[in-house]
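# Structural features, examined
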Amino acid sequence: MPNKRKSESAIPTTVFLSYSRKDISIANWLRNELKEKEFQVFQDLPDTLPGEEWWSRLKQLIRESDQVIFLMSENSNSSKVCAEEIRYALDLQKRIFPVLIDNIDWRSVPEGLSKIQGIYLTNSGERASSMAILTKAMGTDLNWFREHTRLYNRALRWKNKGMKADELLTGDSLHEAEEWLSRQSPKHAFPTSLHQEFIFHSRKAEIANQERTLKESEEQKKKIDEQRGKAENNFRAGIDIITEIQHRIIENLKQTRGVSSATQEYAIQTILSASQKLKNNDPDFYPSSVQMQLAGNELYATTSLAEVFLRQGKFKEAEFSAKEAYKLSEAFRLDDYNPLQRRPGLLNTSKTLAILAEIYSRQNENSKAKEYLEECRYIQEKGLEYYSNYSEAEDFRTELAETFHRLSVTNILLGKKEEALLNSQEALKHAEYLLHKDEDNQHLQIKVAIAQSSVADSLIENNRLEEAQKMLDYAINMFSKDLETSPDNLFLLHWKSICLERLGNVYMFQKAYTDG
């Protein structure tokens, strides 16, 4: 058994010598022989002091001894003191070596010793070989008996001190004691009931202490978690405020008249730089929800910057910012750990694709613009298909109506009249669906009228003039109805004039065909 205490070889083996004082001569001889072989021998006369309570001292010497030698003779067999010493040693489960120094009557041997093999010193000529046998036997299982002695004395101290918990075994010492207890004991030797009780109570206390420590640890962890939770909530509240301020600044820059595009660009660049620094400062510290919110701030600022560059005609810069925004929005859309971000991720991806389409459309690269619009349409249709299972998905339907309208215009520019008509009809279908859900919504009414005008434009391109006339009549009536409540609305006046112009063109084309 591993033992971190003092090296076993450096610890002398302790032996208690029980004998009759009538045999003092041979007892002293044996004591000297054992001392020469580095045994520490306890016996009554040399190891008790005048005035000591004699029997208590003898019991202490027996307890502190690893083994007991009983000099067996007629004198010792008839000695009441020797009988008490042997009885006490047997109670402590000490290993006893009967050493015969005289011919004896075995019927007078102290109880418990007759079954133990003895060693004979009756022949003075054979004493050397007998001593060799004795010392070899005493060295057998020596470590077990030393631990037996040590643990018993620890257990007795624990008992005498009122079984206080601070006297119990803990940690490695307890583990070693349990290992010792579980080992097979040598012949005629066993742990005492006090050994077992001491080790049992030590383990019980250790478990209780571990449970108490675990409970304290859990309580401490709970406190730390509560503090961390408060800190995170405060941090999130701060991030929410930052997010709201950033969005308000950018929206106000877009809507406030008189703010130059250069000023907008500088302000949004500053906001974007701050967002990126905050996001990249210590990403491992932030919870995933905060990381995504910071990424959302960066995405919003990057998309807004692309729009500013587009209004300025800085197409190269606009394309770079839009593609950066596309990467960020795709990270939202494809994030498996934050499925709630997929919906805004899809919408942001489609928005950045729409911006890229507009960049190429402004440069008259309509084929490239159409590619981005088709990709944008595909994502919006997938979003509508999926999220309409759980809601009306008005956000995707609204964006899809706008994308079909732009595809219609782009296909007209590319000379693909039939595709343009199909696109405009799809745009009208989605706009009418939204209006059907909210018939008094003026904003949706205007969207439907614009979509009707777009369909009419495509019908004109396809020489379907009567259908175009009816569609324009519907659109003009709807714009006229809205102008009754908002007569100074320049947007409505603008679109009504466009529809009237297209209707005039229809009449001109019809007259030309009639004349023809």
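Residues numbered from 1 in each chain as written. Predicted model: local features only at pLDDT ≥ 70, side-chain atom pairs only at ≥ 80, totals over all residues. Heavy atoms only, no water.

This next bit is on the nonpolar core. The biggest cluster of nonpolar side chains holds 36 residues, and the ones touching the most others in it are Ile250, Ile268, Ala322, Ile359, Tyr372 and Phe396. For this core, the leading source of residues is helix H13 (residues 342–362), giving eight residues. Of all hydrophobic cores here, the second largest spans 35 residues; its members include Phe145, Leu156, Leu194 and Phe198. (Core = buried A, V, L, I, M, F, W, Y, C linked by side-chain atoms within 4.5 Å. Buried < 20%, exposed > 50% of the residue type's maximum accessible area, 1.4 Å probe, protein only. Helix = DSSP H or I, 4+ residues; strand = E, 2+ residues; numbered from the N terminus.)

Opposite charge on two side chains permits them to pair, given that their charged atoms come into close proximity. Under the defined criterion, the tally for this structure stands at 23 salt bridges. Measuring nitrogen to oxygen at the nearest pair gives 2.7 Å for the salt bridge that ties Glu244 to Arg248. Of this pair, Glu244 and Arg248 both sit in helix H9 (residues 193–255), four residues apart, roughly one helical turn. For Glu244, a relative accessible area of 39% gives the class partly exposed. The salt bridge involving Glu358 is made with Arg362; its shortest N-O contact spans 3.2 Å. (Salt bridge = Lys/Arg side-chain N within 4 Å of Asp/Glu carboxyl O.)

Time to look at the side chain of Asp66. Tracing the backbone through its elements, the reader meets Asp66 in the loop between helix H3 (54–64) and strand S3 (67–72). Put simply, Asp66 is tucked away with no salt bridge, and the nearest opposite charge, on Arg146, sits 4.2 Å away. Separated by 3.0 Å, the side chains of Asp66 and Thr149 make a polar contact. The contacts of Asp66, once residues within four sequence positions are left out, are Pro12, Thr13, Thr14, Lys94, Phe145, Arg146 and Thr149. (Lys, Arg positive; Asp, Glu negative; His and termini not counted. Polar contact = N/O pair within 3.5 Å; in protein donor to acceptor, adjacent residues only side chain to side chain. Contact = heavy atoms within 4.5 Å.)

With that settled, consider the pairing of strand S1 (residues 13–18). Counting buried positions along S1 gives six out of six residues, so the element sits mostly inside the fold. Of the two faces of S1, the one holding Thr13, Val15 and Leu17 and the one holding Thr14, Phe16 and Ser18 are both buried throughout. As defined by bridge partners, S1 adjoins strand S2 (residues 39–42) across four bridges and the pair is classed as parallel. Among the inter-strand pairings, Thr13 is bridged to a residue of S2, identified as Phe39. Regarding topology, helix H1 (residues 24–36) serves as the crossover connection from S1 to the parallel S2, and that connection is right-handed. (Pairing = 2+ DSSP bridges. Right-handed = clockwise from strand over helix to strand, strands pointing away.)

Once that is clear, we can look at the packing of helix H12 (residues 315–333) against H13. At a minimum axis distance of 8 Å, the contact between H12 and H13 shows a crossing angle of 160°. Here H12 is positioned roughly antiparallel relative to H13, judged by the angle of their axes. Relative to H13, the crossing made by H12 is left-handed. Along its contact with H12, which presents Phe315, Ala318, Glu319, Ala322, Lys323, Ala325, Tyr326, Ser329, Glu330, Phe332 and Arg333, the element H13 presents Arg342, Gly345, Leu346, Asn348, Thr349, Thr352, Leu353, Ile355, Leu356, Ile359, Tyr360 and Arg362. Residue composition of the contact of H12 with H13, by class: 12 nonpolar, five polar and six charged. (Axes fitted to C-alpha atoms, helices over the stretch in contact; angles between N-to-C directions. Parallel < 35°, antiparallel > 145°, perpendicular 65-115°, else oblique. Left-handed = near helix turned anticlockwise from the far one by under 90°. Nonpolar A, V, L, I, M, F, W, Y, C, P; charged D, E, K, R; others polar.)

A few words on the sheet that holds strand S4 (residues 95–100). Sheet strands line up and pair through hydrogen bonds in the backbone, either parallel or antiparallel. Strand order in this open sheet of five strands is S2-S1-S3-S4-S5, and the pairing throughout is parallel. The open sheet terminates on both sides in strands that have one partner only, identified here as S2 and strand S5 (119–120). As paired strands, S3 and S4 are joined by six bridges and run parallel to one another. Directly across from Phe70, in S4, lies its bridge partner Pro98.

Our next topic: the packing of aromatic side chains. Applying the stated criterion to the full structure yields eight aromatic pairs. Seen from their ring centres, Trp158 and Phe198 are 5.5 Å apart, and the 45° between their planes marks the pair as tilted. Pair noted here: Trp158 is in helix H7 (residues 142–160) and Phe198 is in helix H9, with a separation of 40 residues, a long-range link. Look at Trp158 and you get buried, because its relative accessible area is 1%. Judged by its relative accessible area of 1%, Phe198 falls in the buried class. Their ring planes at 5° and their centres at 5.5 Å tell us that Tyr387 and Phe396 sit as a pair that is stacked. Three or more aromatic residues joined by ring pairs form one cluster here, namely Trp54, Trp55 and Tyr88. The residue whose ring lies beneath Lys59 is Tyr88, and the NZ or CZ to ring-centre distance is 5.6 Å. Across the ring face of Trp29, the terminal group of Arg127 is positioned such that the distance to the ring centre comes to 5.0 Å. (Phe/Tyr/Trp six-rings, centres within 6.5 Å; stacked < 30°, edge-to-face > 60°. Lys NZ or Arg CZ within 6 Å of the ring centre and 35° of its normal.)

On a regular strand, one side chain projects to one face of the sheet and the next to the other, so that they alternate. For S4, the tally of buried residues reaches six of six residues, placing the bulk of the element in the interior. Burial along S4 is two-sided: Arg95, Phe97 and Val99 and Ile96, Pro98 and Leu100, pointing in opposite directions, are all buried. Relative to S5, S4 runs parallel, the two being bridged by two bridges. Following the sheet pairing, Leu100 is matched in S5 by Tyr120.

Further remarks concern H7. Helix length check: H7 (19 residues) gives 27 Å between terminal C-alpha atoms against 27 Å at 1.5 Å per residue, within 8%. Taken residue by residue, H7 has Leu142, Trp144, Phe145, Arg146, Glu147, His148, Thr149, Leu151, Tyr152, Ala155, Leu156 and Trp158 as its buried positions. Trailing H7 by a residue or two, Gly162 shows a phi angle of about 80°, which is positive. (Expected span 1.5 Å × (residues − 1).)

Moving on: unusual backbone geometry. In the Ramachandran plot, Glu38 falls in the positive-phi region, its phi being about 70° despite a non-glycine side chain. The residue Glu38 is located in the loop between H1 and S2 in this model. Phi at Asn463 is positive, roughly 60°, even though this residue is not glycine. Positionally, Asn463 belongs in the loop between helix H17 (442–461) and helix H18 (465–485).

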